[in-house]
Amino acid sequence: MSDTTLSPAELAAKHGLSVSGARPGLTAYIKQLWGRRHFILSFSSAKLTAQYSEAKLGQIWQVATPLLNALVYYFIFGVLMNAKRGIDSDAYIPFLVTGVFLFTFTQNSLMAGVRAISGNLGLVRALHFPRASLPVSFALQQLQQLLFSMIVLMIVVVSSGFMPSMTWPLIIPVLALQFVFNTGLALIFARLGSKTPDLAQLMPFIMRTWMYSSGVMFSLSTVLKGKPHWLKDILQCNPAAVYMDLARYALMDGYGGHSLPPHVWALAAGWAVVVGGLGFVYFWKAEERYGRG
């Protein structure tokens with residue numbers, strides 16, 4: 001058949017041409033993303049270094065910021081509002097600092113995800129690469145920042161009288177599961193934020209509501225006494241509360257299983273798998289549309 005009789009689509013197929021910027025299959029996309037792993041690591045490290053490059057104290061702010069937040073929350077909720085009821089006085093400071101550090105990990109990952117595409121349009125439009133590299137690198141940046149903060153957290157925990165125990169290594173799977181969950185959230189909100197930049201202005205209100213309903217500054221089981229069981233189940237099973245409670249259980253000897261919701265490890269793994277997997281697929285579905293329009 002003569003080329004002159006073929007339609008443009010048939011002619012392209014005959015000569016092995018494909019649509020520029022077309023979305024690859026899911027398996028091929030994962031392979032492309034893995035092939036960019038060095039870029040993802042370098043990009044996240046560079047962003048972390050640049051974040052405080054203009055501050056005189058530099059990288060110290062990585063730890064000082066969540067620690068100062070914890071100090072403010074301790075004064076307001078621990079001293080003024082007596083939110084530490086149900087928690088031993090010696091345990092409240094590590095309880096609070098653990099909650100603030102881990103919730104900040106999720107909060108910053110989500111907020112960075114919202115701006116991952118819309119805030120890097122020049123890069124997205126100039127180069128061809130799997131766009132998931134950006135939200136994944138931002139989530140990895142927040143993990144690196146948390147690991148710096150964990151040094152201070154360990155000091156706070158030990159200073160409060162909680163010596164290293166057999167449960168301390170459990171913090172590794174807790175943070176790994178939370179990282180997968182956070183990455184899924186970053187991917188979901190990266191796609192949403194790419195078309196709705198105003199979402200970044202709304203997110204602080206949503207995150208504040210989530211923080212206050214997750215037991216960052218107080219014991220959920222104590223506050224919810226006498227409340228309907230369905231409300232208690234919803235709040236205790238929300239992912240932020242699950243990961244914070246597991247971290248407290250790992251680091252604070254005496255924060256026993258009675259403080260955790262039933263099947264807490266299954267909940268932690270379930271949130272990570274569902275949000276991480278669905279977030280990745282949801283982001284991939286719009287791959288060819290990022291940076292256009």
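Structure first, text after, so check above.
Residues numbered from 1 in each chain as written. Predicted model: local features only at pLDDT ≥ 70, side-chain atom pairs only at ≥ 80, totals over all residues. Heavy atoms only, no water.

1. Some points on the overall build of the protein chain
What counts is decided by this rule: Every helix listed is a DSSP run of H or I at least four residues long, and every strand listed is a run of E at least two residues long, numbered separately from the N terminus. Between buried and exposed lies partly exposed: a residue is buried under 20% and exposed over 50% of the maximum accessible area for its type, with that area taken using a 1.4 Å probe on protein chains only. We call two residues in contact when some of their heavy atoms are within 4.5 Å. Note on areas: Shrake-Rupley with a 1.4 Å probe; residue coverage comes only from the protein chains shown.
Of regular secondary structure, the protein chain possesses 13 helices and 0 strands. Start at the N end of the protein chain and walk to the C end: the helices and strands fall as α-α-α-α-α-α-α-α-α-α-α-α-α. A burial count over the protein chain gives 46% of its 293 residues as buried. Within the protein chain, contacts between residues at least 6 apart in sequence are counted, and of these 78% link residues at least 24 apart. Accessible area for the protein chain stands at about 15000 Å²; split by element, carbon and sulfur atoms hold 67% of it.

2. Some details on the environment of Asp253
By the element assignment, Asp253 lies in the loop between α12 (239–251) and α13 (264–284). Along the backbone, Asp253 and Ala91 are 162 residues apart, and their C-alpha atoms lie at a distance of 9.6 Å.

3. Things to note about helix α9 (residues 199–212)
Each α-helix turn comprises 3.6 residues. Residues three or four places apart therefore point the same way. Let me state the cut-off plainly: Helix span is expected to be 1.5 Å times the residue number reduced by one.
Its 14 residues give α9 an end-to-end C-alpha distance of 20 Å, which sits within 8% of 20 Å, the value for a rise of 1.5 Å per residue. Among all positions of α9, only Leu199, Ala200, Met203, Met207, Trp210 and Met211 are buried.

4. Quick look at the packing of helix α3 (residues 37–51) against helix α7 (residues 133–159)
Rules: Fitted lines through C-alpha atoms give the axes, limited to the stretch in contact for helices. The angle between two N-to-C directions lies from 0 to 180 degrees. Any angle from 65 to 115 degrees is called roughly perpendicular, while one under 35 is roughly parallel, one over 145 is roughly antiparallel, and all others are oblique. Crossings are assigned a handedness: left-handed for a near helix turned anticlockwise from the far helix by less than a right angle, right-handed for a clockwise turn. Residues were grouped as follows: Ala, Val, Leu, Ile, Met, Phe, Trp, Tyr, Cys and Pro as nonpolar; Asp, Glu, Lys and Arg as charged; and all remaining residues, including Gly, as polar.
Running from amino to carboxyl end, α3 crosses α7 at an angle of 55 degrees, the nearest separation of the two axes being 8 Å. The angle between α3 and α7 falls in the class oblique. Judged by the sense of rotation from one axis to the other, the crossing of α3 with α7 is right-handed. Contact residues: α3 offers Phe39, Ile40, Leu41, Phe43, Ser44, Ser45, Lys47, Leu48 and Gln51, while α7 offers Ser133, Leu134, Val136, Ser137, Phe138, Leu140, Gln141, Gln144, Gln145 and Phe148. For the contact of α3 with α7, the class distribution of residues is 10 nonpolar, 8 polar and 1 charged.

5. Side note on the nonpolar core
We count it as follows: Residues enter a nonpolar core if they are buried and are Ala, Val, Leu, Ile, Met, Phe, Trp, Tyr or Cys, with the set joined through side-chain atoms within 4.5 Å.
Ranked by size, the top nonpolar core spans 84 residues in total, and within it Phe103, Leu110, Met203, Trp210, Met217 and Phe283 carry the most contacts. The element best represented in this core is helix α5 (residues 89–114), accounting for 14 residues. The contact partners of Phe283, leaving out residues within four places of it in the chain, are Tyr29, Ile117, Arg131, Ala132, Pro135, Leu187, Ala190, Arg191 and Tyr290.

6. So, the packing of aromatic side chains
Any aromatic ring pair is given by two values, namely how distant the centres are and how the planes are angled relative to each other. In plain terms, the rule: Any Phe, Tyr or Trp ring, taking Trp's six-membered ring, that has another such ring centre within 6.5 Å forms a pair; planes under 30 degrees apart are called stacked, those over 60 apart edge-to-face, and the others tilted. Working rule: Lys NZ or Arg CZ, within 6 Å of ring centre, within 35 degrees of ring normal, means a charge sits over the ring.
Applying the stated criterion across every chain yields a total of 9 aromatic pairs. Taking NZ or CZ as reference, Arg131 lies 4.8 Å from the ring centre of Phe129, over its face. The lysine or arginine in question, Arg191, covers the ring of Tyr282, its NZ or CZ lying 4.1 Å from the ring centre.

7. A few points about the environment of Met207
Tracing the sequence through the fold places Met207 in helix α9. Judged by relative accessible area, Met207 falls into the buried class, the value being 1%. As for Met207 and Met111, which are separated by 96 residues in sequence, their C-alpha atoms are 9.1 Å apart. Residue contacts for Met207: discarding those within four places in its chain leaves Phe103, Gln107, Leu110 and Met111.

8. Things to note about a positive patch on the surface
Heads up, the condition is: In this analysis, a patch consists of residues with relative accessible area above 30% that form no salt bridge, clustered at 9 Å for like charges and at 5 Å for the nonpolar side chains Val, Leu, Ile, Met, Phe, Trp and Tyr. Each reported salt bridge corresponds to a side-chain nitrogen of Lys or Arg within 4 Å of a carboxyl oxygen of Asp or Glu. None of His or the chain ends enter the tally, which takes Lys and Arg as positive and Asp and Glu as negative. Lysine's charge is taken at NZ, arginine's at CZ, aspartate's at CG and glutamate's at CD.
Together, Arg23, Lys195, Lys285 and Arg289 make up a positively charged patch on the protein surface. Position of Arg23 among the secondary structure elements: in the loop between α1 (8–14) and α2 (26–35).

Geometric descriptors of this kind do not, in isolation, establish any biological role.
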